[in-house]
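Inside the fold
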There are 2 protein chains.
Amino acid sequence: MNDGAGGPRGPDELERHGRFRVPRRADGERLAPDVELHEAVQGSKPGSRYYRLTPRERQKLRRRGPGEFEATRAALLPATALGRAWSGVRRVFIGQPLATAELAHERLSKLKGLAIFSSDNLSSSAYATEEILLILMLAGSGALVYSVPIAFAIALLATIVVTSYRQTIRAYPNGGGAYIVAKENVGVWASFLAGAGLFVGYVLTVAVSTAAGVAAITSALPELHDFSVYMALAFVGLLTLANLRGIRESGTIFALPTYFFIFTFAAMLLVGIVRLLLGHDLSPGEVPNPIEPGVHSLSLFLLLRAFASGCAALTGVEAMANGVPYFKPPEAKNAATTLVWMAVILSGFFLGTAFLAREFAIVPSETRTVVAQIAQAVFGSHSPFFYAVQVGTALILILAANTSFAGLPVAASVMAGDRVVPLQFSFRGDRLAFSNGIIVVGVLASVLLVAFDASTHALIPLYAFGVFVAFTLSQAGMVAYWRRGREPGWRGAAAVNALGAAATGVVALIIGATKFLDGAWISIVLIGALMLIMWWIKAHYERVEEQLDPGRPDDDTLAQYSLMAGAARHQKVIIPVDQINRAVLRTVAYAKSISDNVTAIHITDDRERGDALRRRWEEFVLDTPIVVIESPYRSLAEPILAYVDALDRAQADQMITVVLPEFVTHRPWERVLHNQLALRLKKALLSRPNTVVVDVPYRLLH
Amino acid sequence: MNDGAGGPRGPDELERHGRFRVPRRADGERLAPDVELHEAVQGSKPGSRYYRLTPRERQKLRRRGPGEFEATRAALLPATALGRAWSGVRRVFIGQPLATAELAHERLSKLKGLAIFSSDNLSSSAYATEEILLILMLAGSGALVYSVPIAFAIALLATIVVTSYRQTIRAYPNGGGAYIVAKENVGVWASFLAGAGLFVGYVLTVAVSTAAGVAAITSALPELHDFSVYMALAFVGLLTLANLRGIRESGTIFALPTYFFIFTFAAMLLVGIVRLLLGHDLSPGEVPNPIEPGVHSLSLFLLLRAFASGCAALTGVEAMANGVPYFKPPEAKNAATTLVWMAVILSGFFLGTAFLAREFAIVPSETRTVVAQIAQAVFGSHSPFFYAVQVGTALILILAANTSFAGLPVAASVMAGDRVVPLQFSFRGDRLAFSNGIIVVGVLASVLLVAFDASTHALIPLYAFGVFVAFTLSQAGMVAYWRRGREPGWRGAAAVNALGAAATGVVALIIGATKFLDGAWISIVLIGALMLIMWWIKAHYERVEEQLDPGRPDDDTLAQYSLMAGAARHQKVIIPVDQINRAVLRTVAYAKSISDNVTAIHITDDRERGDALRRRWEEFVLDTPIVVIESPYRSLAEPILAYVDALDRAQADQMITVVLPEFVTHRPWERVLHNQLALRLKKALLSRPNTVVVDVPYRLLH
């Protein structure tokens, strides 16, 4: 019964049989077999036929050489009406797909780089001072004067962090995110911690910035206050769509609002200071819904809490370190310079805001931001300058949220490359953006905004911890980096980074301790959970890779697989049969075409009907035995599984193939009326290691 | 390349090759091929080996003869821990599965039959009078006296319907539901209408009875009033579970509460009437939350509305007609007699309630039922007899709900046999009950209870219309039945049924017209929608049957299928390959085992990596060509589909087989990390008519 043709065949033999035209190089070595489209051998008629692509097919598949094609954009058009509709919706909102070759980084000048990478940091001037004041208010309005020394402390911290990060940028000109620096210099768990911290930080950046941006809008237009959450969700939705379209690297879009903010905010501070010096009487006027002063005593703990709230201003430094390769050459130098500019502007804004807030005796309000109050005091509440400051603030805050949409997906794709997060994060979408990461950021930020009612104040305690942990690990990693390299002057560089690591580590501890009950515990729990998930994913992928390793092609493996292929032509094939109809007969025909060892199984709870089916079966299908299993408990899948189990035991070294007829209904909703047994069997069979499930479709014409 | 063994082979040839032991009868005719378990042919080693079931396997599969097995209860035990847990939960709540052979109808005496089939009707005494009074109240409390003539009208209607249905029972001793009678005597659309009417009626019976039963409880225990909806849902849930366990036919469970109700209710009416005759001063006392009298004038329309509300009392007649075969012989006579008993008791209860309500000048209340007020007037509000009446009322109402759980699934299984509803309604569950029908009733009734806040009053307008439409069709069908049969005395019988049809038809019109805006329109829309769905399902199944008809085994069909099987051994097989690993190599081995015409496809968005994979492929898999398709837009499924489309065009007469490696992960949740391409491809390929999808599992060990 063996046809003797089951063993492995090389191209030579294939060529001898005229079944493949095997192209050869000039030196006579075989090239890949050429299947222009393919060759088809019809039944007992040996010989070969070549098919050429029709002009219509060529619109979708372009032949490029032996066995090589290129899929065109036309191939993307789905076949079904539903698929085309969905594709159309995507085209409208996300745009035409881009080819991978179109992926090219726009190189950024320092001015554009500042705009792109500083929006996160600079925008924090809009809310960080306010968060400090809110904490100080717990000890009464007299405590508000401490905002200025706290602002100095944060400016000092910014100087340390930026100095330290300049060295990271020099050392990692291809992008030195905390995850990479920690992985390469500290260890796997440190990289998990840095990655998880950044992940949580990025998501919170979106939530905090959007909430603060909405607050800037509602400060100018108080009647919108009740719609804050909806506005915040709408902004996140727009950012998600915009990023799926791939606006990531268009620096010009970013430059305008960033510089608009920088100039209006700087103008506000300068005019305010000048008018104060000139002795003008400036006051924010009547403030709606002022916060009630608390009755706590002014403890060191309270001051540290206020300081911790303000540290949110520094979270954006990481973006610049990640973005080094996007700068024009010399990349590292330009990025480092831009980082210094940013630190200078940030410190100036921060100190200026704290100073004016103190001078104007500003009290935080529930419905009007501190910045809005300063602008009101400086310009008057109906001045166009007042509105300009609010618009600038809102714009840069929305842009700051965008930093995360640019940052997290890239970081996640790097981690997916290391198999630390699911591989799906490394797939580029239609527009070359890492769509899955973008969607994850958008969804999680929306969840946070709803859960915390789009309140900046409620979100801040969760915010900075993760980022400062990542800072600490990154800079500690840099210390190890310098020690290992021992380049000239490494001691000085290591000392700078060590100072940075120490400062940010202390800040992380302060944030964790003073904000723990306010919400930092949520971040800590999330970071811990993420680390465990990363560890589990990495371990899983490593185990899988080890198991799947095919070995060297020249070892026994090859022979083993070839043997398996040749030996199995008479493998066992099972067809569950519920009645005799065309679909079943077609399935039997298919089954017989793949093996000469086919058995049908009929399950019945009525012996007489089982016998009747057997008689009818033997009229129709003479050469395929049928096994009738009476199932008194009416279960269909279980008896088949028991039978397959027994077969499996009897021939442990072979596959068992179960062939199922499956109806392809004319209308999708008609599916519910069919395929019940097939569905249940498939579910049960798919988890069996040695059982191959074959779906033979039968198209119902109407 | 053709091995010459592809054609059809008969048992003779198979036997010659020693591959099957073909048993023969005494007269030499072949019996079914005997595959004790099966025979396995190993590779090039021809010959046969028989495997016997091991003792452990014999626990699951018992061999009964050549090619015949029986699955035991042990085969039902799922293999996975999750499956076993779910099975355990089912065992606890639903019980051990029962074999089909254990299906035996308990035959019912007239006393038990009355208990089972009359609970629906008799229980309506508990709320129908109240519904009449509620309508009359719209014209002020003076209109309440009209309840007695309306009760007489309903008693007359009951007499007509029961007399008419006695004839149906005699004519259909195997069960004469409205669906069957309408189908056999009127037409398909009439049967749809009857079926849809009954379906809606059955679901509403559950909702109305449960709501009224809960009202009986809360009348006795007013503090439970706020939990009415939850109590109603709990009762429906319990009934669903109980019916899934299969309590359907245990008459004794039903007999006790029904007779308890009959005796307590009768006692209440008798004691009330006697005490009235003795001149006692009876009054229900202070009634909480009385309904405010309306200011409508007492129109004919209002009286008809009140009448229509009371007609809900008759909805249970259908159950008796369906249940004829469950009676002891002579079935039809016993059932007809029982039906008369029921009508007598129902009329007595109905008239007695209306009479006492008038005598006691009872005004409906929002929180205390009319029956509770009567019981209070007769026995005093803290008498044990008062509580006995409430308990009896609640019990029989819950039992009445159960009538639907017994009736609808059986009716649906009959309709499923006619392919008018999905086939799933004809499957018996573990305990032989028609589980799907039971679950559908439970879910829909729960939805109604929540939507209408478990208010009997709100549900009543929806209720009786569907049932009376079914009555009308059933009795009109009987008129046609007698005319066709022309048995002796057929004219008299036809006249009785015609009177019944006319009466119920008029009532249906009255209900539809007077209750239209109150909610009958919902029933009418639902019935119309159900009819369309039934028509669509029946038409679909008919089209499918026609397409699937295999024809006679002696015509060309047979040869055609055999040819197909023999011809296709070299069919085209495609393997999408993303990398070279053990799982892929195993899949290739499997693919080569089913065809010698295998091509691998690799999709890449990076030509260099594609070339590298091709080189590596040719080291590992010399004899299987690989096609590399560059997909610049990074789509994976679409280029493969375009390729398969081209193949499909090139060989329109053959199947194309796509073989996919699929990972079986060690832990179920690890699945999210794998099989992404396979899942997407399967979804896209499964709707193609000529493409067979093969899943080759690869079990990851840890």
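Residues numbered from 1 in each chain as written. Chains lettered and ligands numbered in written order. Predicted model: local features only at pLDDT ≥ 70, side-chain atom pairs only at ≥ 80, totals over all residues. Heavy atoms only, no water.

1. Brief notes about the packing of aromatic side chains
Residues and elements named next belong to chain A. Tallying each qualifying case throughout the model produces 25 aromatic pairs over all chains. Taken together, a centroid distance of 5.3 Å and an interplanar angle of 75° make the contact between Trp189 and Phe192 edge-to-face. Here Trp189 pairs with Phe192, and both are found in helix H8 (residues 188-220), just three residues apart, close to one helical turn. On the basis of relative accessibility, which here comes to 1%, the residue Phe192 falls in the buried class. Through successive ring pairs, a cluster of aromatic residues spans Tyr165, Phe468 and Phe471. A cation sits over an aromatic face here: Arg419 above Tyr541, 6.0 Å from the ring centre. (Phe/Tyr/Trp six-rings, centres within 6.5 Å; stacked < 30°, edge-to-face > 60°. Helix = DSSP H or I, 4+ residues; strand = E, 2+ residues; numbered from the N terminus. Buried < 20%, exposed > 50% of the residue type's maximum accessible area, 1.4 Å probe, protein only. Lys NZ or Arg CZ within 6 Å of the ring centre and 35° of its normal.)

2. Notes on the nonpolar core
Among the nonpolar cores identified, the biggest contains 148 residues, and Leu157, Met268, Ile374 and Phe468 of chain B are the most heavily contacted of them. Of all the elements, helix H8 (residues 188-220) of chain B adds the most residues to this core, at 19 residues. When sequence neighbours within four positions are dropped, the list of residues in contact with Met268 of chain B reads Leu356, Val371, Ile374, Ala375, Val378, Phe379 and Val389 of chain B. If you look at the next biggest cluster of nonpolar residues, it comprises 145 residues, including Leu314, Tyr326, Phe425 and Leu473 of chain A. (Core = buried A, V, L, I, M, F, W, Y, C linked by side-chain atoms within 4.5 Å. Contact = heavy atoms within 4.5 Å.)

3. What about helix H23 (residues 637-650) of chain B?
All names here are of chain B. For H23, with 14 residues, the first-to-last C-alpha span of 20 Å sits near the 20 Å given by 1.5 Å per residue. Counting buried positions along H23 gives 11 out of 14 residues, so the element sits mostly inside the fold. Among all positions of H23, only Ala637, Pro639, Ile640, Leu641, Ala642, Tyr643, Val644, Ala646, Leu647, Asp648 and Ala650 are buried. (Expected span 1.5 Å × (residues − 1).)

4. Some details on unusual backbone geometry
Residue Pro330 of chain A is bonded to the preceding Pro329 of chain A through a cis peptide linkage, with omega at -5°. In this structure, Arg486 of chain A takes a positive phi of about 50° despite not being glycine. Within the secondary structure layout, Arg486 of chain A lies in the loop between helix H17 (456-485) and helix H18 (490-514). Despite not being glycine, Ala454 of chain B shows a phi value in the positive range, around 50°. Its location among the elements puts Ala454 of chain B in the loop between helix H16 (435-451) and helix H17 (456-485).

5. Overview of the confidence of the model for chain A
Residue and element names in this part refer to chain A. On average, residues of chain A carry a pLDDT of 80, and 87% of them reach 70 or more. Here helix H1 (residues 11-16) stands out as the least confident element of chain A, with mean pLDDT 42; helix H16 (residues 435-451) is the most confident, with 91. Below pLDDT 50 for its whole length, residues 1-49 participates in 120 contacts with residues either more than four positions away or in separate chains. Model confidence for the complex: the whole-complex pTM is 0.70, and ipTM, which rates the interface, is 0.72. (pLDDT = per-residue confidence, 0-100.)

6. Thoughts on the pattern of salt bridges
Close approach of charged atoms allows side chains with opposite charge to pair. Scanning all chains against the criterion turns up 14 salt bridges over all chains. Across the pair Lys682 of chain B and Asp695 of chain B runs a salt bridge whose closest N-O atoms are separated by 3.3 Å. With Lys682 of chain B in helix H24 (residues 676-685) and Asp695 of chain B in strand S7 (residues 691-699), this pair connects stretches of sequence that are 13 residues apart. One exposure class covers both Lys682 of chain B and Asp695 of chain B, and it is buried. Several salt bridges converge on common partners, so that one network encompasses Glu662, Lys682 and Asp695 of chain A. (Salt bridge = Lys/Arg side-chain N within 4 Å of Asp/Glu carboxyl O.)

7. Looking at the packing of helix H7 (residues 178-185) of chain B against H17 of chain B
Residue and element names in this part refer to chain B. The interhelical angle for the contact between H7 and H17, taken along N-to-C directions, is 45°, at an axis separation of 8 Å. By the angle class used here, H7 and H17 are oblique. Helix-helix and strand crossings are classified by hand; for H7 and H17 the assignment is left-handed. The residues of H17 that touch H7, namely those facing Ala178, Val181, Ala182, Glu184 and Asn185, are Ala470, Leu473, Ser474, Gly477, Met478, Ala480, Tyr481 and Arg484. (Axes fitted to C-alpha atoms, helices over the stretch in contact; angles between N-to-C directions. Parallel < 35°, antiparallel > 145°, perpendicular 65-115°, else oblique. Left-handed = near helix turned anticlockwise from the far one by under 90°.)

8. Comments concerning the packing of helix H4 (residues 110-123) of chain B against helix H15 (residues 384-417) of chain B
All names here are of chain B. Taken N-terminus to C-terminus, the directions of H4 and H15 make an angle of 120°; their axes are 8 Å apart at the nearest point. Considering their axes alone, H4 and H15 lie oblique with respect to each other. Every pair of crossing elements has a handedness; the one defined by H4 and H15 is left-handed. Along its contact with H4, which presents Ser119, Asp120, Leu122 and Ser123, the element H15 presents Ile396, Leu397, Leu399, Ala400 and Thr403. Class assignment for the residues of the contact of H4 with H15 results in five nonpolar, three polar and one charged. (Nonpolar A, V, L, I, M, F, W, Y, C, P; charged D, E, K, R; others polar.)

9. What about the side chain of Gln390 of chain A?
All names here are of chain A. Within the secondary structure, Gln390 is located in helix H15 (residues 384-417). With a relative accessible area of 3%, Gln390 lands in the buried category. The residues touching Gln390, leaving out its near neighbours within four places in the chain, are Ala216, Ser219, Ala220, Thr369, Val371, Ala372 and Ala375.

10. Looking at the environment of Gly177 of chain B
All names here are of chain B. Tracing the backbone through its elements, the reader meets Gly177 in the loop between helix H6 (147-171) and H7. The exposure class of Gly177 is buried, given its relative accessible area of 5%. Sequence separation of Gly177 and Ala321 is 144 residues, and the distance between their C-alpha atoms is 6.0 Å. For Gly177, the residues in contact, after removing those within four places along its chain, are Glu318 and Asn322.

11. Considering the environment of Lys328 of chain A
All names here are of chain A. When you line up the elements, Lys328 lands in the loop between helix H12 (317-322) and helix H13 (331-359). Relative accessible area serves as the criterion here: at 41%, Lys328 is assigned to the partly exposed category. Spatially, the C-alpha atoms of Lys328 and Gly113 are 9.3 Å apart, while their sequence positions differ by 215 residues. If near-sequence neighbours (up to four positions away) are discounted, Lys328 is found in contact with Arg107, Leu108, Ser109 and Asn334.

12. Let's talk about the pairing of strand S4 (residues 598-604) of chain A
Residues and elements named next belong to chain A. Where burial is concerned, most of S4 is hidden: seven out of the seven residues are buried. Neither face of S4 is open: one carries Val598, Ala600, His602 and Thr604, the other Thr599, Ile601 and Ile603, and all of them are buried. Pairing between strand S3 (residues 572-576) and S4: four bridges, direction parallel. By the bridge assignment, Ile575 is partnered in S4 with Ala600. Since S3 and S4 lie parallel, the crossover through helix H21 (residues 582-594) that links them has a hand, and here it is right-handed. (Pairing = 2+ DSSP bridges. Right-handed = clockwise from strand over helix to strand, strands pointing away.)

13. Concerning H7 of chain B
In an α-helix, one turn spans 3.6 residues, which is why side chains three or four residues apart end up on the same side. Of all the positions in H7 of chain B, only Ala178, Tyr179, Val181, Ala182 and Asn185 of chain B are classed as buried. At its buried positions, H7 of chain B is contacted by H6, H8, helix H12 (317-322), H15 and H17 of chain B.

14. Section: a nonpolar patch on the surface
Residues and elements named next belong to chain A. The grouping of Phe516, Leu517, Trp521, Ile524 and Val525 at the surface amounts to a nonpolar patch, some 500 Å² of accessible area in total. Considering the arrangement of structural elements, one finds Trp521 in helix H19 (residues 516-548). Given the relative accessible area of 39%, Trp521 is considered partly exposed. (Patch = residues over 30% accessible without salt bridge, like charges linked within 9 Å, V, L, I, M, F, W, Y side chains within 5 Å. Areas by Shrake-Rupley, 256 points an atom, 1.4 Å probe, with all protein chains shown as cover.)

15. Side note on the pairing of strand S3 (residues 572-576) of chain B
Residues and elements named next belong to chain B. Across the five residues of S3, five count as buried, placing the element largely inside the fold. Taken together, the three bridges between S3 and strand S6 (residues 656-664) define a ladder with parallel strand orientation. Across the sheet, residue Lys572 finds its bridge partner in S6, namely Ile656.

16. A short note on the side chain of Thr472 of chain A
All names here are of chain A. Considering the arrangement of structural elements, one finds Thr472 in helix H17. For Thr472, the side chain forms a polar contact with the main-chain oxygen of Phe468, separated by 2.7 Å. At a separation of 3.3 Å, a polar atom in the side chain of Thr472 contacts the side chain of Thr504. When sequence neighbours within four positions are dropped, the list of residues in contact with Thr472 reads Ala501, Thr504 and Gly505. (Polar contact = N/O pair within 3.5 Å; in protein donor to acceptor, adjacent residues only side chain to side chain.)

17. With respect to the environment of Val658 of chain A
Residue and element names in this part refer to chain A. Tracing the sequence through the fold places Val658 in strand S6 (residues 656-664). Judged by relative accessible area, Val658 falls into the buried class, the value being 0%. Remark: the alpha-carbon pair of Val658 and Ile575, spanning 83 residues in sequence, is separated by 5.9 Å. Residues in contact with Val658, not counting those within four places in the same chain, are Ile574, Pro576, Val644, Leu685, Thr691, Val692, Val693 and Val694.

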